[in-house]
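Residues per chain, in single letters:
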Amino acid sequence: MSKIKVEGFFQDIGGAGRVTKLRREKHKDASDIPNPKDPIRELADRLHPGEIELRVADIRNASPTAKTFRFEPVDGHLPVFQPGQYASFRLNIGNSVLTRPYSISSAPYEARGEHPYFEITVRCNRPYFVPSWLFENVKVGDVLKGSLPFGNFYYEPLRDTKNLVALAGGSGIAPFHSMAKEIAYGKMKGCNLTVLYGSMKSDDIILQQELKIIEKDCPDVKVVHVLSDDEAWNGEKGFLSGNLIRKYSGEDSTYFFCGPLPMAQLMEKELQSLGVPKRRFRCDVLNNPANVTALPGYPKEHEGKTYKITVRRGIEADTITASSSESVAVALERAEIPVDTHCRNGECGYCRGQLLTGEIFVSPIGDGRRQMDKEMGWFHPCASWPLSDLEIKIPIL
Ligand code: FES
């Protein structure tokens, strides 16, 4: 290979001329037939594939109401992920294509072995439509489409302290199970993890046996169950509170929360009252949100209303109906209009549309829009609810 000699600052100003000369010489002997192979692109595609085919390898109970689904990549390769990140599934249900995010409950090292896989743990808490569909329809051997990893809910050594306290509710235990497994495997060097896991009854505890085994084998992982509605329980009772958090926290801890919105709001308050700085609190709210009227600032007079949405895609226009209690993304999916989503809480910026006329309520939790986006009427359908008839423009998929 020809080398370009750097001859000093002033001599090198003419460097471009020398490069051009060398390029011309190389082109003289080059083939006329273009070579579409690009090894760098091939490597990048392999490390960060867009959508992957995922075969269901196993389904097992994680509690009386939750199941763990194991997925193996059909092409044998899984991208690298961090404990706490999520996978996004594209599901063909009826005539609709729905995308749903699920936290990965297995550890990253399990995706790097000879037979790579990852797992999600889902609770079937009706009336949620997609978990019920997964429970009733997905079988071992089925192939689903998905992509991963997404999300910034993970331990970052440059930002977080080594004492990690996980505050979990319901299926919010999934990302912490992934972290606990990774620590027990010897990764996340120097970290210790205390999991405070709130449930109603002992039957509601998800991944209970798995957590017990990790805790027994790894002195750096401690799990404290807190039950609110179980008289026979011998451990901590009541709800996760500032007192319990103080009791089980190490010096200068970093707090991670994953669970439903009302619990997130309570945890934020409790941590504030303990004097925990905002930068030490990371929050991942599940099911954005089951009840929009619970979000701070929601104008309650819109509860129970139905509106019309005119949806423009290119030159096409459809008019659909939408309940004020469903996000614009859910209304589109229900009307079988494709909308691509990942996080479904307004954070990732993946779904977007333009509001041409009408009024929407935007979730104040995770509103990732910039000022300019707001001024130009851009919004995220996954985290916006109609407050009037709307006219919107969305990309054609
Ligand atoms: S899916 Fe992430 S912003 Fe809508």
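Residues numbered from 1 in each chain as written. Predicted model: local features only at pLDDT ≥ 70, side-chain atom pairs only at ≥ 80, totals over all residues. Heavy atoms only, no water.

J.: Mind laying out the overall build of the protein, listing which residues take part and the relevant values?
T.: Looking only at helices and strands, the protein has 10 helices and 19 strands in total. Its C-alpha atoms put the protein at 85 × 55 × 50 Å along the principal axes. Expressed as a percentage of the 397 residues in the protein, the buried residues total 46%. When contacts within the protein are restricted to residue pairs at least 6 apart in sequence, those whose partners lie at least 24 apart make up 69%. In the form shown here, the protein has an accessible surface area of approximately 21300 Å², with 52% of it arising from carbon and sulfur atoms. The centroid of the 51 positive side-chain charges in the protein is displaced by 4 Å from the centroid of its 51 negative side-chain charges. (Helix = DSSP H or I, 4+ residues; strand = E, 2+ residues; numbered from the N terminus. Buried < 20%, exposed > 50% of the residue type's maximum accessible area, 1.4 Å probe, protein only. Contact = heavy atoms within 4.5 Å. Areas by Shrake-Rupley, 256 points an atom, 1.4 Å probe, with all protein chains shown as cover. Lys, Arg positive; Asp, Glu negative; His and termini not counted. Charge placed at Lys NZ, Arg CZ, Asp CG, Glu CD.)

J.: Lay out unusual backbone geometry in plain terms, naming residues and giving numbers.
T.: With omega at 0°, the peptide bond leading from L148 into P149 counts as cis. For P149, the position within the fold is in strand β6 (residues 143–150). Of note in this structure, D252 is not a glycine but carries a positive phi near 45°. Relative to the helices and strands, D252 resides in the loop between α7 (242–248) and β11 (254–259). When its relative accessible area of 49% is taken as the criterion, D252 is described as partly exposed. You will see that R344, though not glycine, has its phi angle at about 60°, which is positive. One can find R344 in the loop between α9 (328–334) and β15 (353–357). When its relative accessible area of 11% is taken as the criterion, R344 is described as buried.

J.: A description of the pattern of salt bridges should follow, citing residues and the corresponding values.
T.: One pass over the full model with this rule turns up 21 salt bridges. A salt bridge links R334 to E326; the shortest N-O distance between them is 2.7 Å. The class of E326 is buried, set by a relative accessible area of 12%. (Salt bridge = Lys/Arg side-chain N within 4 Å of Asp/Glu carboxyl O.)

J.: How would you sum up helix α8 (residues 261–273)? Please name residues and give values.
T.: For α8, with 13 residues, the first-to-last C-alpha span of 19 Å sits near the 18 Å given by 1.5 Å per residue. The set of residues buried in α8 consists of L261, M263, A264, M267 and L271. An end-on view of α8 places all buried positions within 150° of arc, on one side of the element. Exposed side of α8, more than 90 degrees from the buried face: P262, K269, Q272 and S273 are the residues found there. Along its buried surface, α8 packs onto β7 (163–169), α7, β11 and β12 (281–285). Two residues or fewer past α8, G275 is found with a positive phi of approximately 80°. (Expected span 1.5 Å × (residues − 1). Arc of directions from axis to C-beta.)

J.: Account for the sheet that holds strand β8 (residues 192–199), naming residues and giving values.
T.: The pairing of strands in a sheet happens through backbone hydrogen bonds and is either parallel or antiparallel. The strand order across the open sheet built from 6 strands is β10-β9-β8-β7-β11-β12, with neighbouring strands paired in parallel fashion. Every other strand in the sheet has two partners, leaving β10 (236–237) and β12 as the edge strands with one partner each. Bridge count between β8 and strand β9 (residues 221–227): 7 bridges; the pairing is parallel. Bridged to L193 within β9 is V221. (Pairing = 2+ DSSP bridges.)

J.: Describe the packing of helix α5 (residues 174–184) against helix α6 (residues 208–217), with residues and values.
T.: The interhelical angle for the contact between α5 and α6, taken along N-to-C directions, is 30°, at an axis separation of 10 Å. Classed by the angle they form, the pair α5 and α6 counts as roughly parallel. As for the relative orientation of α5 and α6, their crossing is left-handed in sense. Contacts between α5 and α6 involve H177, A180, K181 and A184 from the former and E210, L211 and I214 from the latter. (Axes fitted to C-alpha atoms, helices over the stretch in contact; angles between N-to-C directions. Parallel < 35°, antiparallel > 145°, perpendicular 65-115°, else oblique. Left-handed = near helix turned anticlockwise from the far one by under 90°.)

J.: Break down the domain arrangement of the protein for me, with residues and values.
T.: Assigned domains within the protein: domain 1 (46–150), domain 2 (163–285) and domain 3 (300–393). Here the C-alpha centroids of domain 2 and domain 3 sit 34 Å apart. (Domains from an automatic or database assignment.)

J.: Talk me through α5; I want residue IDs and the actual numbers.
T.: Because an α-helix packs 3.6 residues into every turn, residues spaced three or four apart end up facing the same way. The buried fraction of α5 is high, at 10 of 11 residues. Those residues of α5 lying buried are A174, P175, F176, H177, S178, M179, A180, K181, E182 and I183.

J.: Tell me about the pairing of strand β13 (residues 306–313), residues and numbers included.
T.: On a regular strand, each side chain points to the face opposite its neighbour's, so the side chains alternate between the two faces of the sheet. Only one face of β13 is buried: it carries Y307, I309, V311 and R313, and the other face, with T306, K308, T310 and R312, is open. Looking at chain direction, β13 and strand β14 (residues 316–323) are connected through 8 bridges and run antiparallel. Each residue of the ladder has a partner; that of R312, found in β14, is A317. Connecting β13 to the antiparallel partner β14 that follows it, the hairpin turn spans 2 residues, and G314 within it adopts a positive phi of roughly 60°. For β13 and strand β19 (residues 390–393), the ladder comprises 4 bridges, and the chain directions are parallel. What sits directly across from T310, in β19, is E391.

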